[in-house]
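Chain residues, written in single-letter form:
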Amino acid sequence: GQNVTWNYPGVLLFGTQWIVFLNASINPGTPNGNLTKWANVSGKSTATNESISVNASAIVQVANTCGIVVSPSTLNFGSAETGNTTAELSDVVNNTGTVSTTNLTIQGTNWVNGSNSFSVAQTHYSTTSGLAWGNMTALALNPATLGAGILAPGAALPSYYRLRIPLGQAAGAYTQDITYTAVC
C-alpha cells in the first residue's frame, strides 16, 4: 500500500477522523473498473509531538476510450488519363480505443483543383480486395457504414480504393478528403 507518515504536533483524541487526498497515477493499459486502497490510522491518541502512520485510500474509475487511426493518411493515385480507372490502393483503419465501435462510417468530398472539380462518387471503395471499380461502392458526401461498422479494440479493417477520371476532365492535381468516423 501507499504509506504516508506525519508528525502531529498537537493532541490527537480518540475518535478523530482524518480524510486524506493523494495524487494517483494510473499506468496505461490498466483495465476498466474501480481501484481501491483502504485507510488505517494507528498511533497513540493523547501524546504531544507523537508520530502517527496513515495508510491512505484512493479510488479511480478508469474510463473507456474510443479511437481510430488510419494508415497511410494519404492515398496517392498518381497520374491517370481521363476515362481511365486507377490501380487499387488501400489503407487500414485501426481501433486504438478500449471498446468496440458501434458504427464506423466513411464519407468524402468532391475532387477539387482550383475552380475545376469532379464528383466524390468517382472514388469507389470496398473492404474486399481485387474488385473492379464498378463492383465497389461509390464514396458519397454523406456518411455510409464501412464494413459491418463494428471494430473491436485492437482490430484493423483494410479498405480498398479505385478512382475513375471522368472523360474530358481538365488536367491538374486534384485533392479529395476522406473522413472516417467511429461511434463507440
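Look up a bit, the structure's there.
The rules behind the values
- Residues numbered from 1 in each chain as written.
- Predicted model: local features only at pLDDT ≥ 70, side-chain atom pairs only at ≥ 80, totals over all residues.
- Heavy atoms only, no water.
- Helix = DSSP H or I, 4+ residues; strand = E, 2+ residues; numbered from the N terminus.
- Contact = heavy atoms within 4.5 Å.
- Pairing = 2+ DSSP bridges.
- Disulfide = S-S within 2.5 Å.
- Buried < 20%, exposed > 50% of the residue type's maximum accessible area, 1.4 Å probe, protein only.
- Phe/Tyr/Trp six-rings, centres within 6.5 Å; stacked < 30°, edge-to-face > 60°.
- Core = buried A, V, L, I, M, F, W, Y, C linked by side-chain atoms within 4.5 Å.

**So, the overall build of the protein**
Then, number 1: Looking only at helices and strands, one finds zero helices and 15 strands in the protein.
Then, number 2: Sequence-distant contacts in the protein: of pairs separated by 6 or more residues, those separated by 24 or more amount to 76%.

**Details of the sheet that holds strand 13 (residues 144-145)**
Then, number 1: As summarised here, the arrangement of the three strands in space is 13-8-15, forming an open sheet in which the pairing is antiparallel. Each having just a single partner strand, strand 13 and strand 15 (178-183) make up the two edges of the open sheet.
Then, number 2: With two bridges connecting them, strand 8 (residues 103-108) and strand 13 associate as antiparallel partners. The residue bridging Thr105 from the neighbouring strand is Thr145, located in strand 13.

**Some thoughts on the state of the cysteines**
Then, number 1: For the structure on display, the rule yields one disulfide.
Then, number 2: At a sulfur-sulfur separation of 2.0 Å, the disulfide partner of Cys66 is Cys184. Taking the sign of the torsion about the S-S bond as the criterion, the disulfide between Cys66 and Cys184, at about 65°, is right-handed. One end of the pair, Cys66, is in the loop between strand 5 (58-62) and strand 6 (68-71); the other, Cys184, is in the segment after strand 15, with 118 residues separating them in the sequence.
Then, number 3: Looking at Cys66, the relative accessible area reads 42%, which means it is partly exposed.
Then, number 4: Residue classification places Cys184 among the partly exposed residues on the basis of a relative accessible area of 39%.

**Let's talk about the packing of aromatic side chains**
Then, number 1: Applying the stated criterion to the full structure yields three aromatic pairs.
Then, number 2: Ring geometry for Phe77 against Trp111: centres 6.1 Å apart, planes inclined by 65°, an arrangement best described as edge-to-face. Taken as a pair, Phe77 in the loop between strand 6 and strand 7 (89-95) and Trp111 in strand 9 (residues 111-113) lie far apart in primary sequence, 34 residues in all.
Then, number 3: Taking 5.7 Å as the distance between ring centres and 15° as the angle between the ring planes, the aromatic pair formed by Trp111 and Phe118 counts as stacked. Of the two residues examined, Trp111 and Phe118, each falls in the buried class.
Then, number 4: Taken together, Phe77, Trp111, Phe118 and Tyr174 form an aromatic cluster joined through their ring pairs.

**A word on the environment of Ala148**
Then, number 1: By the secondary structure assignment, Ala148 is in the loop between strand 13 and strand 14 (156-163).
Then, number 2: According to the relative accessible area criterion, Ala148 is exposed, its value standing at 70%.
Then, number 3: Sequence separation between Ala148 and Thr127 is 21 residues; the distance between their C-alpha atoms is 9.7 Å.

**Points about the nonpolar core**
Then, number 1: By size, the foremost hydrophobic cluster in this structure holds 18 residues, and its most contacted members are Ile106, Leu146 and Tyr161.
Then, number 2: When contributions to this core are tallied by element, the ones reaching two or more residues are strand 8 and strand 14.
Then, number 3: It is strand 14 that contributes the most residues to this core, three residues altogether.
Then, number 4: Not counting the four nearest positions on each side in its chain, Leu146 is found in contact with Val93, Leu104, Thr105, Ile106, Tyr125, Thr127, Leu157, Ser159 and Tyr180.

**Here's the deal with the sheet that holds strand 6**
Then, number 1: In spatial order, the strands read 6-7-14-11-12; together these five strands make up an open sheet with antiparallel pairing. Both outer strands of the open sheet, strand 6 and strand 12 (137-138), are each paired with one neighbouring strand and no more.
Then, number 2: Note: strand 11 (residues 123-126) against strand 12, two bridges, orientation antiparallel. The residue of strand 12 that forms the bridge with His124 is Ala138.

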